[in-house]
Amino acid sequence: MSEVVRVSLEGNVAVVSVNNPPVNALGIAVRLGLRRAIRQAIADDRVQAIALVCEGRTFFAGADISEFGKPPTSPILREVHEEMEDCPKPIVAGIHGTALGGGLETALACHYRIAVPGARVGLPEVKLGILPGAGGTQRLPRLVGVPKAIEMICTGDPIGARQAHEMGVVDEIVEGDLRAATVAFAARVVAEGRPLVKVRDRNRLIEEAARQPDLFHNARAHYAKVKRGFLAPQHCISAIEAATQMDFDAGMRRERELFTELLESAQSAAQRHFFFAERQASKIPDIPPSTPRRPLDQVAIVGAGTMGGGIAMNFANAGIPVVLLEANKEALDRGMATIRRNYEGSAKRGRISAADVETRMGLLKPGLQPSDVSNADLIIEAVFENMALKKQLLTRLDQHIKPGAIVATNTSTLDVDEIARATVRPASVIGLHFFSPANVMRLLEVVRGEATAKDVVATCMDMAKRIGKVPVLSRVCYGFIGNRMLHAYFDQAFALLYAGCLPEQVDKAIYDFGFAMGPFAMSDLAGLDVSWRIRQERGETQPIADRLCELGRFGQKTGAGYFRYAEGNRTPQPDPEVAAIVEEEGLKRHGKRREIGADEIVSRCMLALVNEGAKILEEGIALRASDIDVIYVYGYSFPVYRGGPMFWAGQTGLDKVLEAIKAYHDAGCGDVWRPARLIERLAAAGRSFADYDKDRA
Ligand code: CAA
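Residues numbered from 1 in each chain as written. Predicted model: local features only at pLDDT ≥ 70, side-chain atom pairs only at ≥ 80, totals over all residues. Heavy atoms only, no water.

Engineer: Is there a simple way to explain the sheet that holds strand S8 (residues 159-160) in this structure?
Structural biologist: Here we have 3 strands laid out as an open sheet, ordered S5-S7-S8, and mixed in their pairing. In this open sheet, the two strands that pair with only one neighbour each are strand S5 (98-100) and S8. (Pairing = 2+ DSSP bridges. Helix = DSSP H or I, 4+ residues; strand = E, 2+ residues; numbered from the N terminus.)

Engineer: For this particular structure, what's the right way to read the nonpolar core?
Structural biologist: If you look at soluble globular proteins, the nonpolar side chains tend to sit buried side by side. Among the nonpolar cores identified, the biggest contains 87 residues, and Ile50, Leu52, Phe60, Leu140, Ile150 and Val169 are the most heavily contacted of them. Counting 82 residues, the second largest nonpolar core, distinct from the first, contains Ala281, Cys501, Phe563 and Ile601. (Core = buried A, V, L, I, M, F, W, Y, C linked by side-chain atoms within 4.5 Å. Buried < 20%, exposed > 50% of the residue type's maximum accessible area, 1.4 Å probe, protein only.)

Engineer: Teacher, can you tell me more about the packing of helix H5 (residues 146-155) against helix H9 (residues 214-226) here?
Structural biologist: Relative placement of two packed helices is described by the angle separating their axes and the distance separating the axes. The geometry of H5 relative to H9 is characterised by a closest axis approach of 11 Å and an angle of 25° between their N-to-C directions. In terms of their interaxial angle, H5 and H9 are classed as roughly parallel. Considering the relative orientation of H5 and H9, their crossing is right-handed. Where H5 approaches H9, its residues Val146, Pro147, Ile150, Glu151, Cys154 and Thr155 are matched on the opposing element by Leu215, Phe216, Ala219 and Tyr223. Residue composition of the contact of H5 with H9, by class: 8 nonpolar, 1 polar and 1 charged. (Axes fitted to C-alpha atoms, helices over the stretch in contact; angles between N-to-C directions. Parallel < 35°, antiparallel > 145°, perpendicular 65-115°, else oblique. Left-handed = near helix turned anticlockwise from the far one by under 90°. Contact = heavy atoms within 4.5 Å. Nonpolar A, V, L, I, M, F, W, Y, C, P; charged D, E, K, R; others polar.)

Engineer: Is there a simple way to think about the site of the ligand in this case?
Structural biologist: Taken together, 25 residues form the shell around the ligand, and within it Arg57, Gly102, Glu105, Arg279 and Lys283 come nearest. Gly133 is positioned with one of its backbone polar atoms (N or O) 3.0 Å from an oxygen atom of the ligand. Arg279 places a side-chain nitrogen or oxygen 2.7 Å from an oxygen atom of the ligand. Expressed as a share of its isolated accessible area of 980 Å², the protein-covered part of the ligand is 72%. Looking at the shell around the ligand, the elements that each hand over two or more residues are S5, helix H3 (102-108) and helix H12 (266-280). A total of 3 residues in the shell around the ligand trace back to one element, the largest contributor, which is H12. (Near = heavy atom within 4 Å. Polar contact = N/O pair within 3.5 Å; in protein donor to acceptor, adjacent residues only side chain to side chain. Areas by Shrake-Rupley, 256 points an atom, 1.4 Å probe, with all protein chains shown as cover.)

Engineer: It is not clear to me how the packing of aromatic side chains should be interpreted in this structure. Could you clarify?
Structural biologist: To describe a pair of aromatic rings, one takes the distance between the centres and the angle between the planes. Using the criterion set out here, one finds 20 aromatic pairs in the structure. For the pair Tyr489 and Phe515, a centre-to-centre distance of 6.0 Å together with 20° between the ring planes defines the contact as stacked. Of this pair, Tyr489 sits in helix H19 (residues 480-499) while Phe515 sits in the loop between helix H20 (503-513) and helix H21 (519-526), placing them 26 residues apart in sequence. By relative accessible area, which is 3% here, Tyr489 ends up buried. Plain terms: the ring middles of Tyr632 and Tyr636 are 4.3 Å apart, the flat faces sit at 15° to each other, and that makes the pair stacked. (Phe/Tyr/Trp six-rings, centres within 6.5 Å; stacked < 30°, edge-to-face > 60°.)

Engineer: Hey, could you run me through helix H14 (residues 329-348) in this one?
Structural biologist: Three or four residues apart is the spacing at which side chains of an α-helix point the same way, because the helix has 3.6 residues per turn. Taking 1.5 Å as the rise per residue, H14 with 20 residues should run 28 Å; its terminal C-alpha atoms sit 28 Å apart, in good agreement. Considered for burial, the residues of H14 that qualify are Ala331, Leu332, Gly335, Met336, Ile339, Tyr343, Gly345 and Ser346. Buried residues along H14 sit against helix H13 (306-317), strand S11 (322-325), helix H15 (354-362) and strand S12 (364-367). Structurally, the start of H14 carries an N-cap: the backbone nitrogen of Glu330 is 3.2 Å from a side-chain oxygen of Asn328. (Expected span 1.5 Å × (residues − 1).)

Engineer: Quick question: what am I supposed to make of the sheet that holds strand S10 (residues 299-302) here?
Structural biologist: The strands making up a sheet associate through backbone hydrogen bonding, with each pair oriented either parallel or antiparallel. Taken in spatial order, the 8 strands line up as S12-S11-S10-S13-S14-S15-S16-S17 in an open sheet, and their pairing is mixed. Sheet topology places S12 and strand S17 (470-474) at the edges, where each strand pairs with a single neighbour. Strand-to-strand, the axes of this sheet are offset by a mean angle of 25°, without reference to chain direction. Sheet topology places S10 next to strand S13 (residues 378-381); 4 bridges connect them, and they run parallel.

Engineer: Help me understand the pairing of S17 in this model?
Structural biologist: Note on strand geometry: in a regular strand, side chains alternate between the two faces of the sheet. With 5 of 5 residues buried, S17 is to be regarded as a mostly interior element. The alternating pattern of S17 places Val470, Val472 and Ser474 and Pro471 and Leu473 on opposite faces, both of which are buried. Inspection of the sheet shows strand S16 (residues 443-447) paired to S17 by 5 bridges, in the parallel sense. The partner of Glu445 across the bridge, within S17, is Val472. You can see the chain leave S16, run along helix H18 (residues 454-466) and come back into S17, and the turn it takes is right-handed. (Right-handed = clockwise from strand over helix to strand, strands pointing away.)

Engineer: Please explain the pattern of salt bridges as it appears in this structure.
Structural biologist: Between side chains of opposite charge, a pair can form when the charged atoms approach closely. In this structure the tally under the stated criterion is 46 salt bridges. The salt bridge partner of Arg139 is Glu85, with a shortest N-O separation of 2.9 Å. Taken together, the residues Arg139 in helix H4 (residues 136-144) and Glu85 in helix H2 (residues 77-85) connect sequence positions 54 residues apart. For the pair formed by Arg139 and Glu85, the shared burial category is buried. Among the ionic pairs, Arg538 bridges to Glu540, the shortest N-O distance being 3.3 Å. You can call Arg538 partly exposed: its relative accessible area is 43%. With a relative accessible area of 37%, Glu540 lands in the partly exposed category. Three or more residues joined by partner-sharing salt bridges are found here, namely Arg547, Glu584, Glu585 and Lys588. (Salt bridge = Lys/Arg side-chain N within 4 Å of Asp/Glu carboxyl O.)

Shown next, in the form of C-alpha cells:
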C-alpha cells in the first residue's frame with residue numbers, strides 16, 4: 001500500500017487513512033492509493049464497510065492545484081469517485097478541517113458523510129477560474145437543491161459543518177475522536193442494514209429545478225453583475241443546469257467539457273497563478289520561518305482620524321486590545337464615535353451581532369497621554385502624512401515606548417529610514433502601509449527599512465495575517481511598490497487626456513478591462529485636494545487637475561471632480577465643464593487633439609504599470625514579480641482573472657511588451673517609457689517574469 005494511503009481493519013470496518021501533508025491535496029499518489037484501498041476493501045471478505053479519514057490538519061483540501069496545466073494522469077479523480085460510489089460496501093467520510101473542491105467531491109461520492117463541528121465544506125474552484133470538475137456540479141444540486149448549489153459553487157465560499165448538516169450535505173455532526181466516530185458510524189450502517197445512498201440517484205430536487213427555467217436565467221444575470229468579467233461562474237451555472245437537463249452520466253460529460261474549457265482559459269491560468277502568488281508573498285528568503293517572533297498582545301495607534309480608526313478596528317476585530325491615542329479630546333471622541341458608528345452599521349447589515357459591537361468597542365481604549373503607549377508591543381503612528389510631524393511625534397513617544405516594542409509608521413510615501421533614524425530604536429521601526437478604508441482593504445504593504453530587524457519583519461508579516469490582511473514586503477522608495485507604480489499609471493491617464501481623451505473614455509476602457517473603476521472615478525473617490533496639496537508642496541503642476549481644484553471640484557465630497565455627482569448618488573456623470581478644460585489644456589499642450597481607442601488607453605496605462613513594476617524589481621524594492629501582482633489585485637482592484645500586471649505582461653509576451661514600450665518611448669511620450677533593463681534582458685533571452693521569480697526562489 002502506498003505511504004500516503006493506509007488501510008487497517010477495525011472490526012468489520014476498513015479504515016482508509018490518508019496522509020499527504022500539508023493539506024491532503026488529491027494528487028496522483030493519493031488517487032492511486034485511494035483506488036487501491038477501495039479495491040482491497042472490496043476484495044477483503046472481512047470488510048463490510050469503509051471509513052475514509054484524513055490525518056493532519058484537514059480532510060482533502062481539493063485537487064492538487066500544482067498538477068493543473070500538466071497532462072492528466074490516470075486515474076483522474078472522477079474515475080476514483082465512480083469506483084467509490086459503485087462500491088458494494090458503504091463508505092463513510094469523516095470530515096475535519098476543510099473539505100474543499102475535489103475534497104468535498106470525494107465526500108459526495110461516499111455513501112455517508114459525518115463531520116466535526118469545526119469542519120468547513122465548500123467548492124471554491126470558481127476562485128481558481130474553474131468549476132468543480134469531479135462531479136460537484138452534478139452531485140451537490142441533487143443533495144441541496146439548485147439555488148443553494150448555485151450559490152455555493154458560484155461564490156466558492158465554504159460553509160460550516162452545522163449549516164452543511166442543515167442543508168443535507170453532512171449526515172451527522174460528531175464530537176470527540178473523528179476516526180472512532182467514523183468507524184462507529186460505518187459499523188452502525190452495517191448493523192442497521194442502512195442502504196447504500198448514491199447521490200447520483202437522488203433526482204427529486206433537480207427535477208423540481210427543471211420546472212423553473214428562470215432560475216438559471218436569473219442566476220446568469222446576477223453573476224454577470226456581481227462577478228463582472230469572470231468566465232467561470234457562467235460555466236458553473238451551465239454545468240448545474242446540465243444536471244437538470246440530462247441524466248447523470250451525460251451531465252458528468254458536460255461538466256467535464258465545461259471544466260476543460262475553463263482549465264485551458266487564460267483566466268484560470270491567471271487565477272491559479274494568483275493562488276500561489278498570494279501564498280508566496282509571505283515568504284522572505286533571508287528570514288527563515290523559524291525566526292522568533294516578538295510578543296504582540298497589545299497595540300497602540302496614534303491618530304484617531306479615518307486611517308487610525310480603521311487600523312484600530314482591524315485589531316479589535318481580531319480580539320487584540322488597542323489604545324487609540326489623540327492629542328485632543330474632541331478629535332479622540334470623534335474618532336471613537338466614528339468607529340462605533342461603523343460597527344453599528346455592520347451590525348445593522350447583519351455582518352456582526354450587537355454583542356460583537358460591544359466586545360470590540362470594549363477592546364478599544366481612548367488615550368490622551370503619550371505615556372498611554374507604554375504597555376503596547378506595537379505602536380502604529382497614523383498621523384498626517386508629513387515627515388516633520390511624524391519624526392517629532394515619534395521622538396516625543398520614544399521615552400514611553402517599552403524596550404522591544406515595534407514602532408510602525410503608516411505612511412504611503414515617506415522615507416521609513418529617515419523616520420527610523422529619528423528614533424532611538426531604528427531596528428524596531430518598520431513601515432505599515434494600510435490601504436483606505438483600512439478596516440476593509442485586505443492589502444498591507446510591509447516596508448522593511450535598511451535597519452529593520454528580521455524578527456520585526458517576521459512579527460509584522462504574522463500580525464498582518466492575524467488581522468486578516470494579505471502582507472507584501474516592500475523596500476523603501478517613494479510610494480513603495482503600489483503607489484510608485486500608480487504614479488506611472490496616472491501619468492499616462494493624464495497624458496491621454498492631453499492627447500485627446502475625456503475622463504469618461506479613459507475610465508470606461510479601464511473599467512471594461514476589469515478594474516472596479518477608472519483612474520478618474522478613483523481620484524474623485526479619494527479626493528483631488530490631497531494630491532493638489534502635495535503638488536503645491538513639491539512645486540509641481542498638473543494643469544487639468546489644478547484647474548479643477550481651483551474651482552473647488554475636489555471629487556465626490558464636493559459633488560464634482562472629474563465627473564459630476566447628483567445629490568446622494570455616487571455614479572459619475574460626464575461633465576461638459578470638465579470636457580472644456582480638458583480640451584483647452586490639451587490644445588495648449590499639443591496644438592491638436594486626436595481620437596484614441598480603448599486599446600491604446602489600456603495598453604498605455606497597463607504598460608506603464610508593468611515598466612515601472614520591472615524597475616521596482618530590478619532595484620530590489622519588490623522581492624518578486626508575483627508580489628507586485630498581489631499588491632495590484634488586493635490594493636488597486638486589478639482584475640484577478642488577469643493575474644496582476646506582471647502576469648498580464650507575461651501572457652501578452654514580454655517581446656510584445658518591450659516593442660510597445662519602445663514605440664511609446666520613441667514617439668516622445670516621456671521618460672516614463674524608458675524601457676526597464678529587466679524587461680530588455682528577459683525579452684532578449686525569451687524569458688518571463690515567472691522565470692525571474694523562479695530563479696530567485
Ligand atoms: N493543491 C496544492 N497545494 C495546495 C492546495 C491544493 N489544493 N491547497 C493548499 N495548498 C498548499 C499551499 O500552496 C501551501 O503551500 P506552501 O506551504 O508551500 O505555500 C500549503 O498547501 C498550505 O496552504 P495555506 O498556506 O493556504 O494554508 P491554510 O491553512 O491557510 O489554508 C486551505 C488551508 C484552506 C486548505 C487553503 O490552502 C485553501 O483554500 N486551499 C485551496 C483549496 C481549493 O481551492 N481547493 C480546490 C482545488 S481545485 C479542485 O479540487 C478541482 C476539482 O474539482 C477536481
